[in-house]
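# Fold and contact review
What follows is the residue order along each chain.
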Amino acid sequence: VQLLESGPGLVKPSQTLSLTCSVSGVSISSGDYYWSWIRQSPEKGLEWIGYIFYTGVTNYSPSLKSRLTMSVDTSQNQFALRLTSVTGADTAVYYCARVKYGSSWYLDYWGQGALVTVSS
Amino acid sequence: DIQLTQSPAFLSASVGDRVTITCRATQGISSYLAWFQQKPGKAPKLLIFAASTLHDGVPSRFSGSGSGTEFTLTISSLQPEDFATYYCQQFNGFPRSFTFGPGTKVDI
């Protein structure tokens, strides 16, 4: 299983941050997993952003919900993150990860991470 | 919201030492806790889920215990590759959401 984040490394304040996670080794459509985004910054540490199921069902962090959209493209085996109206507080390393769900929920495989800097 | 704290924040140890890290939750979370290891510039790697179940490929020197509000991660004999930062993570609620602890850095 491999996950790989891609997208711009620099975003201007007030603009939209967009990232894609390409998944290999497992089908997003298998239904056995959710697919998640997590970010990490020195100020906030590790912060869960949200997750999506292959059907498009989502669950977002309440603190980001008003600015956040996640989507899935099963034909490309990818899922994506879109965060609007960004500020410097959104500067972070963004990770995508697989969520194994059931009696216990855990993030078992992660991408390598993508640094996104919000700056003019 | 349930918060996680970890102690100590920083731990200095030597190869061969037995190391214990504690994670506390502000409310009971049953056994819904995982532990991750992160090395500089790398993504976190899952070590343990459901408080005490070792993830695939994780060496048996790692173990986890606890339930409710207090959990521990133990490394029975610290190896050079174990110097890293360790995070606990819980999930709760419906729909499920995740929270991470602030981390414990294990250094030489």
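Anyway, here's the lowdown on the structure attached to this text.

The rules behind the values
Residues numbered from 1 in each chain as written. Chains lettered and ligands numbered in written order. Predicted model: local features only at pLDDT ≥ 70, side-chain atom pairs only at ≥ 80, totals over all residues. Heavy atoms only, no water. Helix = DSSP H or I, 4+ residues; strand = E, 2+ residues; numbered from the N terminus. Polar contact = N/O pair within 3.5 Å; in protein donor to acceptor, adjacent residues only side chain to side chain. Contact = heavy atoms within 4.5 Å. Disulfide = S-S within 2.5 Å. Buried < 20%, exposed > 50% of the residue type's maximum accessible area, 1.4 Å probe, protein only. Buried area = accessible area lost by both parts, 1.4 Å probe. Salt bridge = Lys/Arg side-chain N within 4 Å of Asp/Glu carboxyl O. Nonpolar A, V, L, I, M, F, W, Y, C, P; charged D, E, K, R; others polar.

## Regarding the side chain of N59(A)
Structurally, N59(A) is set in strand 6 (residues 58-60). Reaching out from N59(A), the side chain makes a polar contact with the backbone oxygen of R96(B) at a distance of 2.5 Å. With residues near it in sequence (within four places) discarded, N59(A) still touches W48(A), G50(A), Y51(A), P95(B), R96(B) and S97(B).

## Some thoughts on the state of the cysteines
The tally for this structure, following the rule as stated, stands at 2 disulfides over all chains. In this model C21(A) forms its disulfide with C96(A); the gap between the sulfur atoms is 2.1 Å. Between C21(A) and C96(A) the sulfur-sulfur dihedral comes to about 65 degrees; the bridge is accordingly right-handed. Highlighted residues: C21(A) in strand 3 (residues 17-24) and C96(A) in strand 9 (residues 92-100), separated in sequence by 75 residues. The two residues C21(A) and C96(A) agree in class, both being buried. The side chain of C23(B) participates in a disulfide bridge whose partner is C88(B); the two sulfur atoms lie 2.1 Å from each other. Every disulfide takes its handedness from the sign of the S-S torsion; for C23(B) and C88(B) that torsion is 75 degrees, giving right-handed.

## Let's talk about the environment of I75(B)
All names here are of chain B. Among the secondary structure elements, I75 is positioned in strand 8 (residues 70-75). On the accessibility criterion, I75 (0% relative accessible area) is buried. The sequence separation of I75 and G64 amounts to 11 residues, and the corresponding C-alpha distance is 9.0 Å. If we skip the residues at most four places from it in the chain, I75 touches D17, R18, V19, R61, F62, D82 and Y86.

## Notes on the interface of chain A and chain B
On the side of chain B, 18 residues touch chain A, which itself brings 19 residues to the contact. Interface of chain A and chain B: buried area, both sides summed, is about 1700 Å²; carbon and sulfur atoms make up 67% of it. Across the chain A-chain B interface, the total number found is 0 salt bridges. Counting the contacts that link chain A with chain B gives 6 residue pairs in polar contact (both at pLDDT 80 or more). Counting only elements with at least two residues in the side of chain A that touches chain B, the list comes to strand 4 (33-41), strand 5 (45-52), strand 9 and strand 10 (106-110) of chain A. In terms of residue count, strand 10 of chain A provides more of the side of chain A that touches chain B than any other element does, 5 residues in total. Along the lines of polarity and charge, the residues of the side of chain A that touches chain B split into 11 nonpolar, 6 polar and 2 charged.

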